[in-house]
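# Chain and residue survey
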Amino acid sequence: MTDGEEEPTCRLLGKFDLHGYVESTNHSLIIGGMFPIHSRTIPENESILEPVSAKCEGFYFRGFRWTKTMIHTINEINQRKDILPNITLGYQIFDTCFTVSKAMEGTLSFLTGQDENKPNFRCSAGAPLAGVVGAGGSALSVATSRLLGLYYFPQVGYASSCSVLSDKYQFPAYVRIMASDKSQSSAMVQLILHFKWVWIGTIAADDDYGKYGIKIFKEEIEKSGLCIAFSETIPKIYSKTKMETAVETIKNSTAKVIVLYTSDIDLSPFVLEIKHNNITDRTWIASEAWITSSLIAKPEYFPFFKGTIGFAVPRANITGLKEFLYDVHPSKDPNDNITIEFWQTAFNCTWPNSSVPYNSDHRVNMTGQENRVYSMSDKLCTGEEKLEDLENTYLDVSQLRITNNVKNAVYVLAYALDEMSRCVEGQGPYVPGRTCAYLDSFEPWQLMYYLKVLKFKTHDNITLELDDNGDVTGSYDALNWQLNDDGKIDFVKIGKYEFTKSGFELVMNNNSIFWNTETLELPKSVCTDLCKPGTRKGIRQGEPICCFDCIPCADGHVSSQLGSRECTRCSEDYWSNAAKDTCVLKEVEFLAYDEALGFTLVALSIFGALVVLAVTVVYVIHRKTPLAKANDRELSFLLQLSLIITLLTSLLFIGKPYNWSCMARQVTLAMGFSLCLSCTLGKTITLFLSYRVSKSKVRFISIRPLYQKLIVLISVLIETSICTAYLVMMPPKVYKNMESQNIKIILECNEGSIEFLCSVFGFDVFLALLSFLTTFVARKLPDNYNEAKCITFGMLVFFIVWISFVPAYLSTKGKFKVAVEIFAILASSFGLLGCVFAPKCYIILLRPHRNTDEMVGGKVPPTDRSIQLTPASSSSEMNMTVSTVVLDD
């Protein structure tokens, strides 16, 4: 360097335009604070290329109250003798303007001690900075704590609930007295489950608070089996297109319940858009960041957000704060531009000799035009304005929730510093040597030790303790927006979400809730209404599980509850009713006496039996006549008895079957038929032999009646033995047939062994075939022997009926199968009755002149061939033999 050259000097490239409050002289330690005193920054002028620190606009009364609360708390601590005795705390508070850029400017200023962006060292002649309270919203805290964490610089959050801040790898120096969004999201899901909502819309701010909050909420929703109808974001910088997209999504969705995860400042333009589109039929679930915000809870917004439900941190009362808030006036400090702007904004006037603007708004409104308002009211402030006349968020101490968190956050740092000041050398927490740190020379990381193990009681007697992640246990009040008699919005407590011994628990008072519906009743929010009983859910491909089709249950299956996923099969004896919502006893079907078909068959059976009895009576009365005595009178009486048995057997087939009736019906029928057919066989054998004699040269053959009766006895004994074996070895029993018809239980008889059954009736078939063959051969006897023709016709009817019975029986089901069998029994019985006995009764009753020995024993004149149906016998029962005349060659 030559003598003529000047020594180079360092110069600042730029200054931060930071505003706030500083009280650092004559204090032992400084506590930093970051609060959103303004709600936004003024957009940069694109024509200016040189980077400048942005200015702020939109005075935020709530943030101003938080700022004053920190100052009030530090003053309170300085006056106490039990905390940090002989130590006074100062403060340095910056306005974040609710933007990351201003929050970072404030953070750099804390680290460097000057208004310059050199974060490598702190160069300040003032008291050391112990820690920072802030920075308000989650996005601001995430940004600032990344920078402060590089130096392990203590930061205590009072309103940031973003779950990512619990990650100590990313944010090692951040603690908070605000519960993580994990607790809030769980509370919201429990609320939704409590009211049985399943179809939920979500809207989140386009920042860390909204994104991480909704992310956790969606995870909890999925675990609970609920569904997200849509998910939209509110842009940080107003965008008409994005706003309209979100609103159209809401209007087109069937979701009636919407979760809003955003701050009140970010929510403001969205609320205007909702009002502009007149959306009034939605129930909003609010996050703690805006549920009690007077920026949103305005009477003009109530028609659109009435009945809003949300969670807020518990409310508290702060002694002396109200008086401290009222103790503000621009005249106290002419350089206090923040207080001047507060006064101007609150009273809509201009402070004399002040250039501080208010009500400036450079945002783009909903018409797409840019507002450029730097209004300086024509009305001058007199200084005589009274704060008592204001209805202002700043002065509202009825809902001190985040404000109470600000107070506790300051106390967290104060109690940690107090614990550090009480350390005894040799008993300290730092190794090696168990050394202590001292308030006048401690490193930031040394204070972090005390923050991690901190536990104390707050001013409202609540124990505050930080966990390993630097979080506190979440506890919330459930609030409901209701309009009071003065036309203002009240935040009515309707429940709470708190930690108990068994875990977190939601307690609600449903009766005190005001709902945003026309009927003021609990709204429904579903993609598809719950499936009614009798139906089940059917999955829609590619859609959430809450959207489904309701599919009717299959026959025999029911669902008795709303929203059933599956239909339950009815038990064996039950079937589904018409609505498919309950199982009813299956209809038991059998051929009953009281139904038309059963009654008709009973009548036919009894009528047939009476006819047979009438025939018997005729035979008894005319038992001495030749026609009654012809071809063994006793066999005729046995044949009549067998016909009565078979006709009355059909009664056993009607009515509810029991085991005894199942065994009796087939056996009785088989025995009746065996008696009937064996008697017929006895008659036909006589006729057959008569025919053989008429063709032979034998002059005389005598057949004793005893042989005929032996045929009957042997046949009946054989049938009896087969039936006995059948009943003993494999008897029939009642069977519930459920295969033929699903809706009915067909009570029928399980015949046990088909082989035995075939044997039983097979013997009857054998007797029938013998009877038919013998009588068929004897049909050509002379006229006075033509009883064979009658029996032949009777046996033909018998065979036709039972051969037709087989396919008819196999093709029917239920009671009609039994009816077919009864028809076969009656038809065959009536056939035999008509063919065998009707001709004889005709002659006995109507043609008695033919009932003589001459007519019965001789030939019938040709003129009477039309009635040659009478049987003849060449025997006389005088000697109990049957004599046959032998024809010569």
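Below is a summary of the structure that appears in this document. (Residues numbered from 1 in each chain as written. Predicted model: local features only at pLDDT ≥ 70, side-chain atom pairs only at ≥ 80, totals over all residues. Heavy atoms only, no water.)

## As for the sheet that holds strand β28 (residues 733-737)
Inclusion rule: DSSP bridges decide pairing: two strands pair if at least two such bridges lie between them. Secondary structure counts use DSSP, requiring at least four H or I residues in a row for a helix and at least two E residues in a row for a strand, with both numbered from the N terminus. Here, axes are lines fitted to C-alpha atoms. For helices the fit covers the stretch in contact, and angles between N-to-C directions go from 0 to 180 degrees.
The 3 strands lie next to each other as β27-β29-β28, forming an open sheet whose pairing is mixed. The two strands at the open ends of the sheet, each matched to only one other strand, are β27 (587-589) and β28. Averaged over all pairs of adjacent strands, the angle between strand axes in this sheet comes to 30 degrees, irrespective of strand direction. Bridge count for β27 against strand β29 (residues 744-750) is 3 bridges, and the pairing is parallel. Bridge pairing links E587 to K744 in β29.

## Remarks on a nonpolar patch on the surface
Threshold: To count toward a patch, a residue needs a relative accessible area above 30% and no salt bridge. Like charges then connect within 9 Å, nonpolar side chains (Val, Leu, Ile, Met, Phe, Trp, Tyr) within 5 Å. To be clear on the numbers: accessible area is Shrake-Rupley with a 1.4 Å probe, and residue cover counts the displayed protein chains and nothing else. We define a salt bridge as a contact between a side-chain nitrogen of Lys or Arg and a carboxyl oxygen of Asp or Glu at a distance within 4 Å. Each residue gets one of three labels from its accessible area relative to the maximum for its type: buried under 20%, exposed over 50%, partly exposed in between, using a 1.4 Å probe on protein chains only.
On the surface, L706, Y707, L710, L713, I714, L717 and I718 cluster together into a nonpolar patch covering about 650 Å² of accessible area. Mapped onto the secondary structure, I718 falls in helix α17 (residues 705-729). When its relative accessible area of 34% is taken as the criterion, I718 is described as partly exposed.

## Topic: the layout of surface pockets
Where empty space is left can be seen by rolling a probe of water-molecule size over the atoms. We apply this condition: The rule is simple: put a 1 Å grid over the protein atoms alone, call a set of points where a 1.4 Å probe fits but cannot get out a cavity, call an open set with protein on both sides within 12 Å along at least five of seven lines a pocket, and count a residue as lining if it has an atom within 4 Å of a point. Grid points are joined across faces, edges and corners, and a volume is the space filled by probe spheres set on the points. Amino acids outside the nonpolar list (Ala, Val, Leu, Ile, Met, Phe, Trp, Tyr, Cys, Pro) and the charged list (Asp, Glu, Lys, Arg) are all regarded as polar, and Gly is one of them.
The space that makes up the second largest pocket amounts to roughly 890 Å³. Listing elements by their share of the lining of the second largest pocket, those giving two or more residues are α16 (659-694), β29, α18 (754-777), α19 (787-811) and α20 (815-846). Its residues assigned to classes, the lining of the second largest pocket comprises 22 nonpolar, 5 polar and 6 charged.

## A look at the state of the cysteines
Quick note on the threshold: For this text, the term disulfide refers to a pair of cysteine sulfurs within 2.5 Å.
Within this structure, the stated rule accounts for 9 disulfides. Between the sulfur atoms of C349 and its disulfide partner C381 the distance amounts to 1.8 Å. Handedness here is read from the sign of the S-S torsion; for C349 and C381, about 95 degrees, the answer is right-handed. Of this pair, C349 sits in the loop between α10 (337-347) and β14 (358-361) while C381 sits in the loop between β15 (373-375) and α11 (402-421), and the two are 32 residues apart along the sequence. Look at C349 and you get buried, because its relative accessible area is 0%. In this model C676 remains outside any disulfide bridge; the closest cysteine sulfur is found in C679, 7.2 Å from its own. Overall, C676 belongs to the buried group, its relative accessible area being 1%.

## Here's the deal with the nonpolar core
How we decide: Joining through side-chain atoms within 4.5 Å is the link that ties buried Ala, Val, Leu, Ile, Met, Phe, Trp, Tyr and Cys residues into a set, and such a set is a nonpolar core. Here, residues are in contact when the closest pair of their heavy atoms is within 4.5 Å.
Core analysis: the biggest nonpolar cluster contains 75 residues, and M70, L89, V133, Y158, F342 and L417 have the highest contact counts within it. Elements represented by at least two residues in this core include exactly β2 (29-35), α1 (61-79), β5 (89-95), β6 (129-133), α9 (321-326), α10, α11 and α12 (444-452). Discounting residues that sit within four places of it in the chain, M70 has contacts with I31, G32, G33, F35, Y91, I93, V133, V406 and V410. Among the nonpolar cores identified, the runner-up in size contains 54 residues, and A628, C676, C679 and Y726 belong to it.

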